[in-house]
Amino acid sequence: MTEKLTGSSGQVRYITVPVFAPREIELPPLKLSPYSVSTFRVCRQQYKFRYIDKLGDQYATARPYYTMANHVHATLRDLLSVVPIEERTKKTTERLLRKNWQRCRVGFKNRADEKRWAEKALAELSRFVSEQDVAVHPLMLEAWVEAEITPGLILQGRIDRVDKEADGSLHIIDYKTGNVPQHTDWLQLYLYALIVSRKLPYSVHRVSFHYLSSGISQTAELNAEQLEQAAWDLLVIAGEIRREKAYRRTPGQACQRCDFTPICAGKQVACKASVEGDFELWRDCVSRDNALA
Ligand code: SF4
């Protein structure tokens, strides 16, 4: 662009001025998962230890319920994928569980403790085979999915199961090996639905938590507005994560499963909160963690 300049003596000069197009502000890339979003919402200090400082491997603590849940999920994946429908019986399921169990046996106090958790795993799987439709052909099982929700914001995670229903819509199912919570946080499943709806040419109409110990399923119907709301909630949380500086700790029930109690200044408060919590599954682990402290 050319501009006219007039000096104090009346002399006129023309100069060329560079013009810059307005630039969009580029945000640093951010990768989130439904689990990391949940961690940030529950305790920001835990989020920092795991995702900013990357101390997860250093402080990883083997826990019996994680080992058990891992084997139950692997057994369900094998049962509904590689086993022919006519062989999907309790006996086959037990054989698969025994095989998967040999892969990893960490976190147990002793053989008796391991046996108790193995029996619990078998009971959950047996209930599943007796009460659920095991003749299904899921579209996805234990599948890793990822999608760019907005430029620079990646959402990713592993989905337990996706079924394609008769009307062509999708149903996302998340297996839980613990008890039914008093309050159900649907955001986790809505975020999975968001990824899947961005990746596949089908709509997600239903999401479910299936609690294996009780056989109870909680299902929510999903429409386009709810999916948009989930995307909006994600953007709000991503903005908070990008701006976060303090990473305050929030002692509470999450401390029971937190690997970072040894370096958390709120540890004493955390342990008190965990003892007061009513988490039958975690009780052994709490006492074991306290003994190690
Ligand atoms: S022990 Fe509790 S307060 Fe400390 S980081 Fe873990 S969850 Fe947060």
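Note: the structure precedes this text.
Residues numbered from 1 in each chain as written. Predicted model: local features only at pLDDT ≥ 70, side-chain atom pairs only at ≥ 80, totals over all residues. Heavy atoms only, no water.

Caption draft 1: Layout of the overall build of the chain. Along its length, the chain carries ten helices and eight strands. Counting only residues that meet the buried cut, the chain has 44% of its 293 residues in that class. Of the accessible surface of the chain, which amounts to about 17000 Å², a share of 52% is contributed by carbon and sulfur atoms. (Helix = DSSP H or I, 4+ residues; strand = E, 2+ residues; numbered from the N terminus. Buried < 20%, exposed > 50% of the residue type's maximum accessible area, 1.4 Å probe, protein only. Areas by Shrake-Rupley, 256 points an atom, 1.4 Å probe, with all protein chains shown as cover.)

Caption draft 2: Region of the structure containing the pairing of strand β6 (residues 170–176). Counting buried residues along β6, six of its seven residues qualify, which places the element largely inside the surrounding structure. As judged from the four bridges shared by strand β5 (residues 153–164) and β6, these two strands associate in the antiparallel manner. Paired with Asp-163 across the strands is His-171, a residue of β6. Hairpin remark: β5 followed by β6, antiparallel, with five residues in the connecting loop; positive phi at Gly-168, about 90°. The handedness of the β6 to strand β7 (residues 204–211) crossover, carried by helix α7 (residues 187–199), is right-handed. (Pairing = 2+ DSSP bridges. Right-handed = clockwise from strand over helix to strand, strands pointing away.)

Caption draft 3: A look at the packing of helix α4 (residues 64–81) against helix α5 (residues 90–101). In contact at an axis separation of 9 Å, α4 and α5 are set at 130° when each is read in the N-to-C sense. Taken as axis vectors, α4 and α5 run oblique relative to one another. The chirality of how α4 crosses α5 is right-handed. Along its contact with α4, which presents Met-68, His-71, Ala-74, Thr-75, Asp-78 and Leu-79, the element α5 presents Thr-93, Leu-96, Leu-97, Asn-100 and Trp-101. In terms of residue class, the contact of α4 with α5 is built from six nonpolar, four polar and one charged. (Axes fitted to C-alpha atoms, helices over the stretch in contact; angles between N-to-C directions. Parallel < 35°, antiparallel > 145°, perpendicular 65-115°, else oblique. Left-handed = near helix turned anticlockwise from the far one by under 90°. Contact = heavy atoms within 4.5 Å. Nonpolar A, V, L, I, M, F, W, Y, C, P; charged D, E, K, R; others polar.)

Caption draft 4: Quick look at the side chain of His-73. Secondary-structure assignment places His-73 in helix α4. Taking relative accessible area as the criterion, His-73 reaches 16% and is therefore assigned buried. For His-73, the side chain forms a polar contact with the main-chain oxygen of Ala-69, separated by 2.8 Å. Polar side-chain contacts of His-73 include one of 3.2 Å to the side chain of Asp-160. (Polar contact = N/O pair within 3.5 Å; in protein donor to acceptor, adjacent residues only side chain to side chain.)

Caption draft 5: Expanded view of the site of the ligand. Every residue near the ligand is listed here: Cys-43, Gln-46, Arg-249, Thr-250, Pro-251, Cys-255, Cys-258, Thr-261 and Cys-264. Per-class residue counts for the shell around the ligand are five nonpolar, three polar and one charged. (Near = heavy atom within 4 Å.)

Caption draft 6: Seen up close, the layout of surface pockets. Looking at the second largest pocket, its volume works out to about 350 Å³. Taken together, Glu-94, Leu-97, Arg-98, Trp-101, Gln-102, Arg-105, Arg-111, Glu-114, Lys-115, Ala-118, Glu-119 and Leu-122 make up the full set of residues lining the second largest pocket. With six residues, helix α6 (residues 111–131) is the largest single contributor of residues to the lining of the second largest pocket. (1 Å grid on protein atoms, 1.4 Å probe; cavity = no way out; pocket = protein on both sides within 12 Å on 5 of 7 lines; lining within 4 Å. Points joined across faces, edges and corners; volume = space filled by probe spheres on them.)

Caption draft 7: Main features of unusual backbone geometry. With a phi close to 55°, Lys-54 is a non-glycine residue in the positive phi region. Following the sequence through the fold, Lys-54 ends up in the loop between α2 (44–52) and α3 (56–59). Among the residues examined, Lys-54 registers a relative accessible area of 64% and is labelled exposed. The backbone phi angle of Tyr-247 is positive, close to 50°, even though this residue is not glycine. Judged by its relative accessible area of 10%, Tyr-247 is buried.

Caption draft 8: Main features of empty space enclosed by the protein. Evaluated as defined, the whole model comprises two cavities of 30 Å³ or more. Put simply, the second largest cavity is a space of about 30 Å³. Lining the second largest cavity, in full, are His-73, Leu-76, Arg-77, Leu-141, Glu-142, Asp-160 and Tyr-175. Listing elements by their share of the lining of the second largest cavity, those giving two or more residues are α4 and β4 (140–150). Examining the composition of the lining of the second largest cavity, we find that three residues originate from one element, α4, more than from any other.

Caption draft 9: The arrangement of the pattern of salt bridges in detail. Under the definition given, this model contains 16 salt bridges. Residue Arg-44 is joined to Glu-240 by a salt bridge in which the shortest nitrogen-to-oxygen separation is 2.9 Å. You can see Arg-44 sitting in helix α2 and its partner Glu-240 sitting in helix α8 (residues 224–243), a full 196 residues away along the chain. On the basis of relative accessible area, Arg-44 is assigned to the partly exposed category, the value being 26%. Overall, Glu-240 belongs to the partly exposed group, its relative accessible area being 29%. Its salt-bridge partner being Asp-163, residue Arg-161 comes within 2.8 Å of it at the nearest N-O pair. Beyond isolated ion pairs, a larger network of salt bridges with shared partners links Arg-44, Glu-240 and Glu-244. (Salt bridge = Lys/Arg side-chain N within 4 Å of Asp/Glu carboxyl O.)

Caption draft 10: The arrangement of a nonpolar patch on the surface in detail. Together, Trp-232, Leu-235 and Val-236 make up a nonpolar patch on the protein surface, roughly 280 Å² of accessible area in all. Structurally, the position occupied by Trp-232 is in helix α8. (Patch = residues over 30% accessible without salt bridge, like charges linked within 9 Å, V, L, I, M, F, W, Y side chains within 5 Å.)

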